[in-house]
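The lines below spell out each chain.
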Amino acid sequence: MTESLARIRFVLVETTHSGNIGAVARAMKTMGLSRLELVAPRQRPDAEALARASGADDLLERAGIHENLTDALAGCRLVVGASARLRSIEWPLLEPPECAARLLAEAGEGEVALMLGRESSGLTNDELARCHFLVHIPTNPDFSSLNVAAAAQVLAYEIRRAARLAAGERLTETPRDLATAEAMEGFYTHLTETLVRIGFSDPEQSRTLTRRLRRLFNRARPDRVELNILRGILSAAQGRKTPERFARSDEAPQPD
């Protein structure tokens with residue numbers, strides 16, 4: 001995964017605000033991407049870029065700064081351009097997950113690039129003509145304005161997600177020592193007895209309540225410790241435990 005991600009470069013064309021360069025670097029680093037190329041930025045990475053990078057300073061330090069797009073794309077076997085607008089020209093169009101999968105697949109063989117344009121106007125038609133595919137993030141049509149750094153974060157996340165899926169990685173929960181069926185039955189018996197003792201339920205008409213409570217705790221699937229806590233609460237409600245057991249003596253013990 002690391003080798004393929006290292007072959008994916010993000011190319012920013014004529015970025016106006018240096019802070020956006022830093023924000024893109026941060027978006028990339030959080031997703032394991034490290035190759036940033038800048039084409040004729042209005043401002044080179046400065047203090048604002050470093051502040052927005054929030055620890056991705058190394059990406060800014062290594063970022064290539066080029067006078068033209070040809071140099072920034074040198075050696076790339078695949079170029080995908082990000083476009084906020086669906087152009088009238090017919091061009092192969094990808095959604096972010098498809099774009100990520102294609103970039104990763106091609107990165108297994110060589111260098112690839114994802115190109116993002118100016119904050120105000122995106123990429124020109126001539127720049128898009130250098131792309132093999134376009135990627136479009138489907139936003140709210142009534143408010144489709146997406147900051148270049150936000151777009152970079154969406155696309156970087158999709159690349160990371162595709163890489164994790166390809167590697168078979170999944171988020172897993174810490175194994176829990178769940179209460180056994182017999183422990184749950186003991187709890188339900190204790191619960192029913194307590195509800196009757198404290199006057200909450202009628203022992204002759206509590207079957208519907210009991211079923212609902214079973215459904216509630218079966219959904220929760222408490223572990224052994226949680227079940228012990230619940231049973232301790234029931235014992236306290238029955239009067240088996242009193243506040244006096246927490247009493248502390250205000251006087252220090254006197255020496256003999």
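Here, the structure is the one placed above.
Everything numeric here is computed off the predicted structure, so don't read it as measured data.

Trainee: What should I look at first to understand helix α8 (residues 148-166) in this one?
Mentor: At 3.6 residues per turn, the α-helix brings residues three or four places apart onto the same side. Between its terminal C-alpha atoms α8 stretches 27 Å, which fits the 27 Å expected from 19 residues at 1.5 Å a residue. For α8, the set of buried residues is V148, A149, A151, A152, L155, A156, E158, I159, A162 and A163. Where α8 begins, one side-chain oxygen reaches toward the backbone nitrogen of A149, 2.7 Å away; that side chain belongs to N147. In the stretch just after α8, G168 is the one whose phi turns positive, near 75°.

Trainee: Looking at this structure, I do not really get the nonpolar core. What am I missing?
Mentor: Buried together is how nonpolar side chains tend to be arranged in soluble globular proteins. Judged by nonpolar contacts, the single largest core of 43 residues is most densely connected at I8, F10, L36, L103, L114, L116 and I159. In terms of residue count, α8 provides more of this core than any other element does, 9 residues in total. Apart from residues no more than four positions distant in its own chain, I8 is found in contact with L33, R35, L103, L104, A107, V112 and I159. Judged by nonpolar contacts, the second largest core, of 14 residues, contains V39, C76, L123 and C131.

Trainee: What is the right way to look at the side chain of H136 in this model?
Mentor: Among the secondary structure elements, H136 is positioned in the loop between β7 (133-135) and α8. Residue H136 is classed as buried on the basis of its relative accessible area of 15%. A distance of 3.0 Å separates a polar atom in the side chain of H136 from the backbone oxygen of S83.

Trainee: Please explain unusual backbone geometry as it appears in this structure.
Mentor: Across the chain, the bulk of peptide bonds are trans and the bulk of non-glycine residues have phi less than zero. In this structure, A40 takes a positive phi of about 45° despite not being glycine. Within the secondary structure layout, A40 lies in the loop between β2 (35-39) and α3 (47-53). Positive phi, normally seen in glycine, also occurs at S54, with a value near 50°. Here S54 shows up in the loop between α3 and α4 (57-62).

Conventions adopted
Per chain, residue numbering runs from 1 following the sequence as it is written. Reporting in this predicted model follows two pLDDT cut-offs: at least 70 for local features of residues, and 80 or more for side-chain atom pairs to be given and counted; totals over whole chains, interfaces and linings ignore these cut-offs and use all residues. Heavy atoms throughout the structure, all of them, feed into the side-chain values; hydrogens and water do not. Counting from the N terminus, the helices are DSSP H or I runs at least four residues long and the strands are E runs at least two residues long. In this scheme, a helix's expected span is set at 1.5 Å multiplied by one less than its residue total. Each residue gets one of three labels from its accessible area relative to the maximum for its type: buried under 20%, exposed over 50%, partly exposed in between, using a 1.4 Å probe on protein chains only. Polar contact criterion, stated in full: a pair of N or O atoms within 3.5 Å, where within protein one must be able to donate a hydrogen and the other to accept it, and residues adjacent in sequence count only if both atoms are side-chain atoms. Residues belong to a common nonpolar core when they are buried Ala, Val, Leu, Ile, Met, Phe, Trp, Tyr or Cys residues joined through side-chain atoms within 4.5 Å. Should any heavy atoms of two residues lie within 4.5 Å, those residues are counted as being in contact.

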